[in-house]
Each structure stands twice: as C-alpha cells, then as structure tokens.
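Architecture at a glance
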Amino acid sequence: MNVRGIVAGEIEERTVSTQYGESDLAEVPLRLARDDLEGETRGERLADWTDGADESESDRASDGTDASDERRSNDDPHPDGGLTRERVADGQETTTVTLWNKWTESAEYLEPGMELLVTEAKTEQYQGDTQYATTGDSYVVVEPSFLVNVTAIRNWVECPRLYYLNKLSGVPLNYPVVKGTLVHEVFGDLLRGRDIEESIDARVEERGLQLGLLGETPEAVAEDVRENAKAIEGWLEQGRLTEEDSWRSEQLLISETFGIRGRADAIRRGGPVELKTGKNLKKEPRFKDKIQAACYALVLEEHGGDVDTGTLLYTKNSALDRNEETGDLTPAKDFSMGQGLLKFVVRKRNEIAAMEVRGEVPTGYEGDAKCEYCFEQDTCMVVSGRLDQASKAGQIGQALPAEEREYFQRLYRAIEEERREVHHEYAKLWEQDAQERADDDRALIDLEFLEKRELEEGRWELRARRTSAANSKIREGDFVLASDGHPVRGNAELATIERLGSAKRDSADSPSGPRPQGDEVVLTADEPVEVTRLDVYPSELTTDRLLVAVHDFLLKGEERRKDVLFGREDPTFDRPEETFVDNNDAQNEAVRLAVGADDFALIHGPPGTGKTYTIAQAIRAMVERGERVLLSAFTNRAVDNALEAVLEHGGDVLGADGASETRPGVAGDTHGVVRVGSESGVREDMEPYRLERAGDPAERVAELEDAQVVAATTATCGSRVMKEQGFDVALVDEAAQLTEPGTYAAANLAERFVLVGDHEQLPPVVRAENDLTESLFERLVEQYPDAGVMLDRQYRMNQRIQFFASQEFYDGMLRPAEPAVAGRTLDDLEGVSRDRLPESLRDPVSFVDVAGDDGQYTDSEEAARITELIDRYVDAGLSHDDIGVIAPFRAQVSEITGHVPDAVTVDTVDRFQGSSQELIIVSFTATGSLEGPIFEDYRRINVALTRPKRALVLVGDSQALASDPVYERLLEWAGR
Ligand SMILES: Nc1ncnc2c1ncn2[C@@H]1O[C@H](COP(=O)(O)OP(=O)(O)OP(=O)(O)O)[C@@H](O)[C@H]1O
C-alpha cells in the first residue's frame, strides 16, 4: 500500500542487527494525509480568496512561454513560513514509518512539515497502533508534488553545483546546443515518417535567426546535422527490418508518484530512447545518460508500462572514422533497467526536492564529481567567490558587497517561492478531478475531438468542439496541456491555443437558435493528440528567466548601475534644452528626462495621461540622436500599443516613408523597427514588423541588428536571442506591473533605462506574497523622486469621473488636459442622447443601490440589474460595444456574461487594466461586509474607476460600502 503524509516531528536514525546483518533504519513520525485533505495546499486555499482576481492578460513570449500565466492578488492574507509546513493539519492521525537501508539517505533531508510518500509499504502492529515500513519494492519520495525535471536530475548526478549554475545563468546561445536541438527535431521528424533531407532543410531553415547570430551558414549546419541523423536513420532501419519495433516520438511525461517530469526523446517497445549528439566508444551508455533514461522508465512504469531496457543513441558514433577510432562504434547502446538504478534515481530526485523546498544552495560536496575535470570549474569558482558561497571547487575573485549578496538571497528566495507556487499548480493536475478543475476555471473539459492536420513545419493542427459554455482562464495564445482525457494519465502534449471559440449561444440575437459556428477550439502542437480536454499549464520558464535576470544584473552588470540602484550614487541627467512636446509641460519634461538620463528616468503616468504618446515622443527623440532603443512591456498588448504610437509619431524618422511597401517602418539598411515575438502573441496589424525566425541566417540577423527600435515583452527580453542584443536605452512600459527581476530582463540589455508606469494601479503579477510584489519602478520613485516626473493632464475622463481618483490616489493633481475632455458626455456620441435615460443615470457618475444576494462570489441581483441598465443605455442610443462591465470575481463575470450580449465586454479589473470604454458599469458584488480582491487593494478600485470616458455606473450595496471610509467617500461622490 502507499503511505502519504506530512513529517510531524524529529526523525530517529539507528543501526540495528537483523538476520541479514547490520541494517540502518530511520523512523519518521508521519501525520497521514486523509484522502479528502490530501490535495489541499496553501495555494489551493488561497485560490478561494483570489478567485476572480487571479488572472491577467495571458501573454505568450516568442518561444512559447507565458509571460503571465495568471495573477494572484497581492493582498491575500498570507501566513508566514514554508509552504509545506502549513499542511500539517491538526487532529490527523500520526504514525511512524520506518525507512530501511538506503532510504535512510532520503530521511537525512526530511524536515518536519515536508511531505513524504512511501510506495508498497507494509503495515506493522506496535503496541496497538498500526505503523508502516518500507519493503524491498518500496520507493520513498520526498515532496512528491514537486515536479523535478529529468534534465535537472541528470545535472545533479553529474554535480549538484552544475544543477545550480544552470539555474542561475540559463542555457546560452551556442552552437552545440542549437545543433543538439536540430538533431532532436530531425529525430522526431524521422519517427513521424518525414523524409530526412526534407526534415533537415526545414529544421535548419526554421532556426535561421539563431544560426545567423552564431555566424553559421545553413549548408555547414545541414551537413553537420546530416552526419548525426545518419545514425538515427540506421537505427530506425534496423528496427524496421525486424518489424518488432513500435515507436512513439517525443512526449511530455509526468509522474505524480515520483514527482518527475520530462520529455523522452522517443519510446520504443515501451522503453525510453535518449538521443545524444556526442560520441561514446564504450559498450555501455554513460552513467549520467542512463540516469535520464531511468527517470523516463519510472514514469512509464507508473503509467502501466513494464520497462526492462533503456536505449541511448550516440549519433556522433556513426560519423567517426573506423580506421582512426577504436572501441564500440555502434551508435545505439541498450542497457537493462535494474531496480537499483531506479531507486538511486529517486533518491537523487529526493535530494533536489528537499533542497528546493528548504531554499538551500548546493555546495558540490553532495555529489562526488571531480572539479578538476569539470569544464564549468571557473564559472563555479567565480559565482561562489562573488556570492561568497561554500563550494567544493573553491572561490575566486572578490565577493559582492554584503548588501548586494543579501539582495540576491532575498530575491532568490522569493523567486523560488514563486516556483513552488507553480508546482502547486502542476500538482492540481492530478489532485483535482476533471469536474473540479473545470469548476475552478482551470480546464476546459468535454471537448469533442474533430480532426488533426499535419502542418508544413512538422507540427499539427488539432481541432475540437466545445460542448459546454463553461468559463475558464484559458485564452487564445495560451500554452496549455492538451490531452485525450487526462493531462497526466492519458496522452498529453503542450499545445498553443490558436483560436478559442465560445460555446455560448448569443442570447440577444438567437435565444433558441442553432449553436453558432464559432464553438471550435484550434490548437497547434508537436504531436497529434486526440484532444478532448485542455488544462492550464503555467510555465516555469518565466520563473527561470527571473533568476537569470537577477544573476545577470548582479554578476554581469555595470558597477555604476549597481551603485545607483543600491543608493550609493545618485542618478545623473543631462537634459537637452529642447521642446519635445509643446502642449503639455509634464510630458515635455518627461521626454527631456528620458533623453537626458545617464542612468535611468521614471515617468509616472496616471490613467489616460498620454504615457504611450510620451513614450513615442521620447523614442522619436532618441532615434533622431542615433540611439538604438529597446521598447518593452510586460504584456504583448502593451508592446503593440506602444509600437503603434511610435510608428504614428516617429514613423518619419524611422523611415516609415514608404521606402518598403511590405514593411512600412523599414527603410534601407540602417533604419527600422522590429517586433520580436511569436505569431500568436503579436497583434495582427504589427505582423509586418515581426521578426521571422526562419530564413536565411545572414538576412535574419541583419534585420534584427540593423533595427533601431526593437520591441518585445520583458519575458522575450530574457530569451537567448534577445540576450545577445545591446541597446543604448531600454524603455519599459507598464513598469509598475513588473517585478524587479522582470524589469532587469529588459534593463540588462541597455546602457540606460526609462521606466513608465503607475504604481497607483495594479502591482506586479506574482503567485506568492514576497519581495517580488514591489516593482523596481515603485521603489525608485520613492528612492529618487527627482528622477521622475508625473504626467498630470488626462485625455480620457469627464471631469466628474476623474475627480474621485484624482483626490484619493493622486493628491488631487490629476486634471483634464483640455476643456473638451473635461466636458465630454455620452451626448457627444452619434445617436446617443442622455435625455432618453432615466433621470438617475444622466450624470456622468451614478450609483445604483442593490441590496444584493448573499452569494460569496456572485450576486444575481446585481447581475440582473446590470442587464437592465445596459438596456437603458442601449435605448438611449449607445451601442453594446461601447459598454464595459467590471466585476471582482470571475464567477460574477460568468454570471453577468450569461445575461448580456457578446459585444459587451465583461471582465475582472485585472483584465481591464490598460483599456478604456465609453461607459463602464462596476459590479461590487459585496453584501454585508466588504470582502474580495477589489476591496483588499485600493489600486484595483482605482483601475476600475478610471476606465470610463463618458459615464460610470456603480452598482452595489450602499450599506456594505459605507462600512469603509474610502467607499463612504465614494458613495458621496457618486451622489447617493
Ligand atoms: N500632448 C498631447 N497632445 C495631444 N494629444 C495627446 C497628447 N498626449 C496624449 N494625447 C492623446 O490622449 C490619448 C491618451 O493618450 P495615451 O493613449 O498615450 O494615454 P495613456 O496614458 O497611455 O493611457 P493608459 O492609461 O490607457 O495607458 C491619445 O489619444 C493620445 O493621442
């Protein structure tokens, strides 16, 4: 039987004499997980609090990662201490589990509060209690919900420091890595039956940009890949001859028992096959390679396989000259999969999980690698020297100042906490059943698979039909886990949502009509899964890149920048005496600061104050000075918006004078604008500026390197391609929504940086409550008020609407930019007359008192009233698509969505940030007391109240609202 629970006290280790001789044992007090509590984690409990607020625009970076999978409220009540510690629930049964022999090694890392799983345990009666012990078939798994990557286990076995260094500095762009990827891709293609030459040509072409940056020619690379691919073809031929083989190409494998995750290169006859682009002249595969195959074997066995063999394919072997090399030149080497090896792998995996949960840094002594043979020895010594870490390799160089080391540790801890939250999300893939996940908006279930179609690049297009109108967090452009029924136990692949139809009937137009055509979901994936379910699958790459950004800032960055950011020196400016904006002093000052900053400048832009306009003017001025500019922001939407403004206001200096018909912003060889991002991330009208990654290497590189303005999300700035780029200045929009490391991802690429944002609106997207919640923008605004300027004229709201936000959040400094703005009302819109509205709705700001129902996350009374209100405005001539409804919880969003026509935008505050609408209706969804994300953080209400241009209607329970002084003032202003 399997025993699972939380370590509930100190562990006792001893050696005893048994009939087999001396044996080690460790007695672990364990509080058993009750079935119904087993899945509960802190993340899940908090999800109840944040329902509705825990999302933001999903945003796919160029390489298929989510820049912001979802938003967590930053003001959740948040208990201190480690995550696992809290899972000890009172009143549960405590027992003892005895771990025998080598499993005592894993016991050494256990601490009270950690989770433990023992498979195939036996029961023993002791003084009337039932206790448990490992058997010969048992596995002991520490923190089973933490999914450790197979490559991490492999690295760890090689050297634990190597594992850590990889985490800190990421995988650089180098030829061996790119070649390795290409060979793997060709391998996958061959397994799927693609012609070898066609595959090589296509795959090399796809990597044009990367190869160009590495100075490689397609011909040379193709030849190199061909040599390696020969081994694969030969091996496949052998299999075909015996007709015994059944293959499956690369697949994502997750083990919920062993806490392991990875992509096996292939599965042959049920056993894992790993491809290595190196040579190996020994008969046996290398130990570290066996480790990798053994990891997959564990997962395959869990999924019902019986794996007795692993295969390593050393592709370089077939390229070697038989006359010069001695040894075993066969590329494919099989080995038998012994239980000893599998258990060893699990123990190593346990070391990683325990270290991660304890937030420790490995020293290298945990393994037995020899530093003198290690090609990472120098890096290892420098990192340990600068961060003053204990390391087996020793230290060189001078340590960073204490405050920088302390800062590093603080951020490291915070980022690792984020990572653990991502892992909690993974664990829910198997802890929750399909219906629970659907109810939690984490999955779309009951899809009807329609068809699969092979695309040119060897990928697949998958189509399915939605059969229910359920809501979910999943959006177009998202990366999801697409499965044929279960994301972990069935066939599953990572897929991109290309199109997400809705299964909702359009209640306004055809209440009883046929289902509309648009209920299809279109996905692209590497493998043709017959998809019937989609699950939210947050990317850990985002977390990885945050760590790399901190590392690069502290260990590779300029001293001067660190002096300024750590407060040892003041930022300096050399402002030009030029007028850049002649009708707005604050904007003009902002551009002067941005252009004249030696280190950085801050532009604080409250809602509608022309942030984007100012960015465009600043970039224009920088381009005129011959500077190369990086334009970045947290979301693709913001990047595209800003880029649009840059083209509009700076197109002439950027050569947008028609020099090129297809790329209006590009002229000649030296000017131009390039948008770096994926096809699904970049807005359609910016597509002409998007940098293609495929094609001729030299051309692709020239396009990127000659561009004077490069626009990309901050997540993409951390990609290998962007990390090779250098800029004079980085301009970052939405900077108040970025964590410090997130900001560094862009700032690290430039000599100086300009941050634009508003810290009175939504803070950074984080999952855990920690040091990441304050943006660099906010910190610097407080630290160096003189390095920034606040834009104080807004171009959006009627004066009545603007008043409250200005008083409450901007010290009364915000004013309409022009009389026309101050006086705008719905009457200005064609065909709309406020006279046709009920008297109570004629003012630009109105309050509608609804006693509400007692639902926690929904309020059907408010929803019903909002439907009526919309009808009133439509009767007065307003069109549906000029109306936006903001609700605090996703549940209330669904409630309202169900009643109003599609053209009305209904969403949470978080998704409304950055947009505006003629009429905004806010549903407070609070009866009795004020609870929920909108009330926990005034910044949310600021965002909600500053979205409308001409009319704002607040719908809520005045009694509940009056219990808080801010909302009492709000009621007064709204004229209740
Ligand atoms: N100095 C200016 N002169 C004329 N129009 C301006 C000026 N500054 C901004 N605008 C106009 O005001 C509107 C709002 O500007 P913009 O979109 O730049 O605001 P924003 O601060 O970026 O808005 P948000 O709060 O949504 O991010 C735009 O139509 C813009 O063209």
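Residues numbered from 1 in each chain as written. Predicted model: local features only at pLDDT ≥ 70, side-chain atom pairs only at ≥ 80, totals over all residues.

Brief notes about the overall build of the protein chain
Condition: Numbered from the N terminus, helices here are DSSP runs of H or I no shorter than four residues, and strands are runs of E no shorter than two. We call a residue exposed when 12 or fewer other C-beta atoms sit within 10 Å of its C-beta, buried when the count reaches 20 or more, and partly exposed for counts in between; the C-beta positions come from the backbone. What counts as a contact is two residues whose backbone-derived C-beta atoms lie within 7 Å of each other.
Across its full length, the protein chain holds 31 helices and 35 strands. Counting across all 976 residues of the protein chain, residues that qualify as buried make up 51%. The long-range share in the protein chain, meaning contacts at least 24 apart out of those at least 6 apart in sequence, stands at 72%.

Some details on the site of the ligand
As a reminder, the rule being used: Any residue whose C-beta atom, as set from the backbone, lies within 6 Å of a molecule or strand is reported as near that molecule or strand. Amino acid classes used here: Ala, Val, Leu, Ile, Met, Phe, Trp, Tyr, Cys and Pro are nonpolar; Asp, Glu, Lys and Arg are charged; the rest, including Gly, are polar.
Contacts to the ligand come from 15 residues, most closely from Gly-610, Lys-611, Thr-612, Tyr-613 and Tyr-795. Looking at which element gives the most residues to the shell around the ligand, the answer is helix H17 (residues 611-624), with three residues. In terms of residue class, the shell around the ligand is made up of four nonpolar, ten polar and one charged.

With respect to the packing of helix H3 (residues 150-158) against helix H4 (residues 160-169)
The criterion, for reference: Axis definition: a line fitted to C-alpha atoms, over the contacting stretch in the case of helices. Angles run 0 to 180 degrees between N-to-C directions. Here roughly perpendicular refers to angles of 65 to 115 degrees, roughly parallel to angles under 35, roughly antiparallel to angles over 145, and oblique to all remaining angles.
Two elements in contact, H3 and H4, have axes whose closest approach is 5 Å; the angle formed by their N-to-C orientations is 130°. Relative to H4, H3 is oriented oblique. Side by side, H3 and H4 meet where Ala-152, Asn-155, Trp-156 and Glu-158 of the first sit next to Pro-160, Leu-162, Tyr-163 and Asn-166 of the second.

Focus: the pairing of strand E19 (residues 492-500)
Filter applied, for reference: Any two strands are treated as partners once DSSP identifies two or more bridges connecting them.
One ladder, built from five bridges, connects strand E18 (residues 479-483) with E19; its direction is antiparallel. Across the sheet, Ala-482 pairs through a bridge with Glu-493, a residue of E19. In the sheet, E19 pairs with strand E20 (residues 520-525) via five bridges, with the strands oriented antiparallel. Each bridged residue has a counterpart across the sheet, and for Ala-495 the counterpart in E20 is Ala-525.

A closer look at helix H18 (residues 636-650)
To keep it simple, the criterion reads: Take the residue count of a helix, subtract one, and multiply by 1.5 Å to get its expected span.
With 15 residues, H18 should reach 21 Å at 1.5 Å per residue; the first-to-last C-alpha distance of 20 Å fits that figure. Taken together, the buried positions of H18 are Asn-636, Ala-638, Val-639, Asp-640, Asn-641, Ala-642, Leu-643, Ala-645, Val-646 and Gly-650. Considering only its buried residues, H18 is in contact with H17, strand E23 (629-633), strand E24 (673-675), strand E25 (709-713) and strand E26 (727-733).

Re the nonpolar core
Within soluble globular proteins, side chains that are nonpolar generally end up buried alongside one another. What counts is decided by this rule: Among buried residues, those of type Ala, Val, Leu, Ile, Met, Phe, Trp, Tyr and Cys that are joined through C-beta atoms within 7 Å form a set called a nonpolar core.
One finds Val-28, Ile-153, Cys-295, Val-480 and Ala-482 to be the most contacted residues of the largest nonpolar core, which totals 107 residues. If one sorts the elements of this core by residue count, helix H9 (residues 287-302) sits on top with nine residues. Grouped together as the second largest cluster of nonpolar side chains are 89 residues, Val-548, Cys-717, Val-729 and Leu-755 included.

A look at the sheet that holds E19
In space, the seven strands of this open sheet follow the order E15-E21-E18-E19-E20-E17-E16, with antiparallel pairing throughout. The sheet is open, and its two borders are formed by strand E15 (443-444) and strand E16 (448-454), each paired with just one other strand.

So, the domain arrangement of the protein chain
Rule in force here: Residue ranges assigned to each domain were obtained from an automatic or database domain assignment.
For the protein chain, the assigned domains are domain 1 (1-36 + 91-142), domain 2 (173-242), domain 3 (557-657 + 670-791) and domain 4 (799-975). Each of domain 1 and domain 2 was reduced to a C-alpha centroid, and the two centroids are 48 Å apart.

Some words on helix H16 (residues 585-596)
Helix length check: H16, at twelve residues, gives a terminal C-alpha distance of 16 Å against a target of 16 Å (1.5 Å per residue), a fit within 8%. Buried residues of H16: Ala-586, Gln-587, Ala-590, Val-591, Arg-592, Leu-593, Ala-594 and Val-595, and no others. The inward-facing, buried residues of H16 contact strand E22 (600-604), H17, strand E27 (750-757), strand E28 (788-790) and strand E29 (793-794).

A short note on the pairing of strand E5 (residues 115-118)
Burial along E5 is two-sided: Glu-115 and Leu-117 and Leu-116 and Val-118, pointing in opposite directions, are all buried. Two elements, strand E1 (residues 3-7) and E5, share four bridges in a ladder whose sense is antiparallel. Residue Arg-4 lies in a different strand from E5, and its bridge partner there is Leu-117. Across three bridges, the pairing between E5 and strand E8 (residues 140-142) is antiparallel. For Leu-116, the partnering residue across the bridge sits in E8 and is Val-142.

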